[in-house]
Structures are given as C-alpha cells and as structure tokens.
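Okay, here's what each chain looks like letter by letter:
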Amino acid sequence: MASRFMRELTLRQLRALAAAAKHGSVTAAAKQLHLTQPAVTLQIQNLQTLAGIPLIQRTSDGMLLTDAGRSVLALSERIEAAIRDCETSIEMMTGKTAGRISIGAVSTAKYFVPFMISGFSKLHPDVDVTLSIGNRQEIGLALRGYDLDIAIMGRPPADIDMDLHLIGDHPHVIIAPTGHRLARKAGIALADLAEETFLTREPGSGTRGLMEQLFETARVRPTIGMAMSSNETIKQAVIAGLGIAFISAHTVATELDERRLVTLDVDGLPVVRQWFVLARKDKVLLPPARAMLEFLSARGAQFLPRTHGRLRLTRSPVRARKR
C-alpha cells in the first residue's frame, strides 16, 4: 500500500484536499482550484483510496480532516514549499530575478522591521522582500504552513524545530497619560494598579500573554477594559484617558519623546524579553533568505528603537530637573 501511495500520489489530489480543508466544503474548494465539484470530489476519493483510510469527515460545520488527513495535509504543505523554493532557484539561475524573501513579524515589531528591510535592501537592491504582519498565533501558523522564510518575534513556537538567532532585548513597560495620578510616583507596586483599567491586546498576542503572566506571578488580578488588536489604538486610548496599558517599550518611543505618554515607575519593570530572528530547520533557505538571516543576526540590534534614558526621562519634568 505504501509503495502504491508513493507511486500514484498526485499534486492534484493533494491540492484538492488542501483546498477542501481550507474552506470546509467541496464547492469552495472547486472555486479556488477552478475545477468542477465532481472533479474535486474524485481527486479526494482517489487520495483516500490510496491512503486506505478516511482523510475527511463531514460534520454540520463542514468538512473536517481526520488525523490521517492532517498528516497528508502536512505533507502537501511541505511539497508546496519545496516547489516554491525550486521555482525561485530556477528563476535565479536563469537570471529572471535575484530572488525573493518572505518575512513574517509580530505586530509589535512593525515599528522597526521596515528599517531592517531598508538596511538589507541597500546591500541587496535586487532582492524582492515580502513582509507579513500578524500576532504571535498568526505568525506561528504561517511558519507551520511553510509560508515564511524567516520570522521576527519574541518567544518562538514551541512545537517547531527552529534555527534561532538573538537580535536584542525587548523591554515592556506600563504606560499612562501624562496627567495620571501615579505619573510622578516612584516605586509603585503592582498591587497598587489593581483598580486601574488596563487596555490590552487581543488573546493570542505575545504582549497579552506576558502581561497575564506578570500579574499572575504577583497574584494580582488587574481590571481589564477593552481588548484591541492594534498597539496604535491602545496608545491613542491611553492618551485619551481610557486606561493604562502594559506594552512594548519599542512601540511607544515617539510618544514618550513627545511627552504624550509616560511610563509608570512600577517595581519589577521593565520586563525584558528578547527579539529573535528565526527560520524552520527543515526549510531550505535559498541564498537571499540566508543572507537576510545572517544580516539580521549580525546587525539587527542596531535597528531596535532606543529605550535607554527614555523610560525615566519622560516620567516627569519635575523629577528630571532635580537631577
């Protein structure tokens, strides 16, 4: 059976299964593949016959993959990634392009990743770079699907074997509007913030998870206000006085310099994590992507926003004068 599976398996079958899994229906899969519904159904049936075990099951929510189906889908994703890599290699060899790089970054990193790409592009002007921004879960999903060459994030996915390179420190702080009652107070305990309203990122965000871990360790239950999917929205909401927020210091550098926000002097903060550039160990990186990985490993830290001196300087003009 295994020999027949390897001998008769086709891309059409794998792509039919992948499309059906993505959309949950044969109708939508057929539309994506520009085929008729019977043609897609036949491809899936032939694939199941080769596998000798059901790959999909129909439910009231649509078509779902069985465990065997998920295994075959993972194979399909690896094959599609290999085909894309081969296509890029051939294009490079024939002089059609200098190569492409697909980069993913968590949304907090969007404040400096464009500068990293700019620095790399000055050295490699003919390389085409595609940047995708998402939260930690979304970038992790893209890595699992082999959609990215490299990713820039904090804590890497635990279930993928990654080639990991440190970029630099990533401090997190608690921000407040400049007129906040605690703006000039030193040595604030986390417990003192229990009655404050915290504006947070959405579930699945690395920043949200780090904040929850911080308060859980301190056995403090913060008051959670609105959850937002954008750091920009959180910053504007804090400036407007709707609450305070635990946030990456790299996202608020400009607002701190302009004194539209302050960082609260909370005991134990900033919480410092790290930025990494990473790639799947089982994904073959072509020369352009390998060059980008080496560039960020060696020089990525210089593109991180400066935080030294900012965090205390912007708390209070009065305290700054006393120094």
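As shown above, the structure is provided for reference.
Here's a quick rundown of the structure. (Residues numbered from 1 in each chain as written. Predicted model: local features only at pLDDT ≥ 70, side-chain atom pairs only at ≥ 80, totals over all residues. Heavy atoms only, no water.)

Turning our eyes to something else, we now look at the overall build of the protein. Check the secondary structure of the protein and you find 13 helices and eleven strands. Across its three principal axes, the protein shows a C-alpha extent of roughly 80 × 50 × 30 Å. When each of the 323 residues of the protein is scored for burial, the buried share is 48%. Considering only contacts in the protein between residues 6 or more positions apart, those separated by 24 or more positions represent 76%. For the protein, the exposed area adds up to about 16,500 Å²; of that, 53% sits on carbon and sulfur atoms. Of the charged side chains in the protein, 41 are positive and 31 negative; the average position of the first set lies 4 Å away from that of the second. (Helix = DSSP H or I, 4+ residues; strand = E, 2+ residues; numbered from the N terminus. Buried < 20%, exposed > 50% of the residue type's maximum accessible area, 1.4 Å probe, protein only. Contact = heavy atoms within 4.5 Å. Areas by Shrake-Rupley, 256 points an atom, 1.4 Å probe, with all protein chains shown as cover. Lys, Arg positive; Asp, Glu negative; His and termini not counted. Charge placed at Lys NZ, Arg CZ, Asp CG, Glu CD.)

Packing of helix α3 (residues 26–33) against helix α4 (residues 37–51) leaves a shortest axis separation of 8 Å and a crossing angle of 105°. In terms of axis orientation, α3 runs roughly perpendicular to α4. Here Val 26, Thr 27, Ala 29, Ala 30 and Leu 33 of α3 come into contact with α4, specifically with Gln 37, Val 40 and Thr 41. Of the residues contributing to the contact of α3 with α4, the split by class is five nonpolar, three polar and no charged. (Axes fitted to C-alpha atoms, helices over the stretch in contact; angles between N-to-C directions. Parallel < 35°, antiparallel > 145°, perpendicular 65-115°, else oblique. Nonpolar A, V, L, I, M, F, W, Y, C, P; charged D, E, K, R; others polar.)

What follows covers the nonpolar core. With 36 residues, the main nonpolar core has Leu 143, Ile 150, Ile 152 and Met 292 as its most contacted residues. Going through the elements one at a time, β3 (100–106), α6 (113–123), α7 (136–144), β5 (150–153), β6 (162–177), β11 (271–280) and α11 (287–299) are the ones with two or more residues in this core. Ile 188, Leu 214, Phe 215 and Leu 264 belong to the second largest nonpolar core, which has 21 residues in total. (Core = buried A, V, L, I, M, F, W, Y, C linked by side-chain atoms within 4.5 Å.)

This paragraph deals with the pairing of strand β4 (residues 128–134). Where β3 lies against β4, seven bridges are found, and the strand directions are parallel. Paired with Arg 100 across the two strands is Asp 128, which belongs to β4. A crossover connection joins β3 to the parallel β4 through α6; in handedness this β-α-β unit is right-handed. (Pairing = 2+ DSSP bridges. Right-handed = clockwise from strand over helix to strand, strands pointing away.)

Any functional reading would require information that these geometric values do not contain.
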